[in-house]
Amino acid sequence: RGVWIWHDEDYADSINGTPRYFRYTFNLSDAPTEGNIQITADDNMRMWINGVEIKNEMFQQTWRNIPLIEDIQDYMTAGENVIAVSVKNDTLYAGLLFDGYVKTEQGQWVDLISSDTTVTSLVEYEGWYEKEYDDSAWGQAQIVEKVGGVQWGDDAIFDASAIVQNVFEVKEYS
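Everything quoted here is computed from the prediction, not taken from an experiment.

K.L.:
Can you lay out the confidence of the model for the protein chain for me, pointing to particular residues and giving the numbers?
P.N.:
Here the protein chain averages 84 in pLDDT, while 82% of its residues score no lower than 70. Low pLDDT (under 50) marks residues 160-174, which in the prediction has 14 contacts with non-local residues, meaning those over four places away or in another chain.

K.L.:
Please set out the nonpolar core residue by residue, giving values where relevant.
P.N.:
With 27 residues, the main nonpolar core has Phe 26, Met 47, Ile 83, Leu 96 and Leu 112 as its most contacted residues. Of all the elements in the fold, those that place two or more residues in this core are strand E1 (3-6), strand E2 (20-28), strand E3 (32-42), strand E4 (44-49), strand E7 (79-88), strand E8 (95-104) and strand E9 (109-113). If you tally residues by element for this core, the top one is E2, at four residues. Beyond its immediate stretch of four places on either side in the chain, Ile 83 contacts Phe 22, Arg 23, Tyr 24, Phe 26, Ile 37, Met 47, Trp 48, Ile 49 and Leu 112.

K.L.:
Give me the packing of aromatic side chains: which residues, what numbers.
P.N.:
Going through the model one piece at a time under the given rule, you end up with 11 aromatic pairs. Centroid distance Tyr 125 to Tyr 133: 6.4 Å. Interplanar angle 25 degrees. Geometry classified as stacked. Residue class for Tyr 125 comes out partly exposed when judged on its relative accessible area of 38%. The structure contains a cluster of three or more aromatic residues connected by ring pairs, namely Tyr 21, Trp 48, Tyr 125, Trp 128, Tyr 129, Tyr 133 and Trp 138.

What counts as what
- The residue numbers shown here count from 1 along each chain, following its written sequence.
- Only residues with pLDDT of at least 70 are given local features in this predicted model, and only at 80 or more are side-chain atom pairs given and counted; all residues enter the totals for whole chains, interfaces and linings.
- Note that water and hydrogens are dropped before the side-chain values are worked out from all heavy atoms of the structure.
- pLDDT measures the predictor's confidence residue by residue and takes values from 0 up to 100.
- Whether two residues touch is decided by their heavy atoms; if any such pair falls within 4.5 Å, the residues are in contact.
- Note on terminology: a nonpolar core comprises buried Ala, Val, Leu, Ile, Met, Phe, Trp, Tyr and Cys residues joined through side-chain atoms within 4.5 Å.
- Accessibility here uses a 1.4 Å probe with only protein chains present; expressed as a share of the type maximum, an area under 20% marks a residue as buried, one over 50% as exposed, and anything in between as partly exposed.
- Numbered from the N terminus, helices here are DSSP runs of H or I no shorter than four residues, and strands are runs of E no shorter than two.
- Aromatic rings from Phe, Tyr and Trp, taking only the six-membered ring of Trp, are treated as a pair when their centres fall within 6.5 Å; an angle between ring planes under 30 degrees marks them as stacked, one over 60 as edge-to-face, and anything in between as tilted.

Here's what the structure looks like:
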């Protein structure tokens, strides 16, 4: 399950509406066949998968509007993939939260969760949202709190990776 993350700074430093930039990199063993993600940010955001912007009107509204973005596998390939997000903070708290999954042709399940493995920057470098961009100089995101914590409460409870992983095997009954 994803956790609320932010750039390594005090919230007060980000209440000027200047975006913070985040990149989450993951690998797929083969071609993806399905995938969904739920994502939200306090206060608003833009999202790219491998350089393609994913548009959703809820991204510019309150963080309590948490869309389920379906069929994200259409933007992915076997090998390395990147989810890139820019987030603007206009009020007291600041955070990014996402949870999702991708399934491949050979049955690999990959959870997509916001965590301290996400990297972040204060600077909008050219092409930062592209898959090929080198983010090795970026800093590690800090975990702000778990879902259901004090700052955002239970309003953002979701777990998209668990939605489809209820797989049952039917065996002959004797």
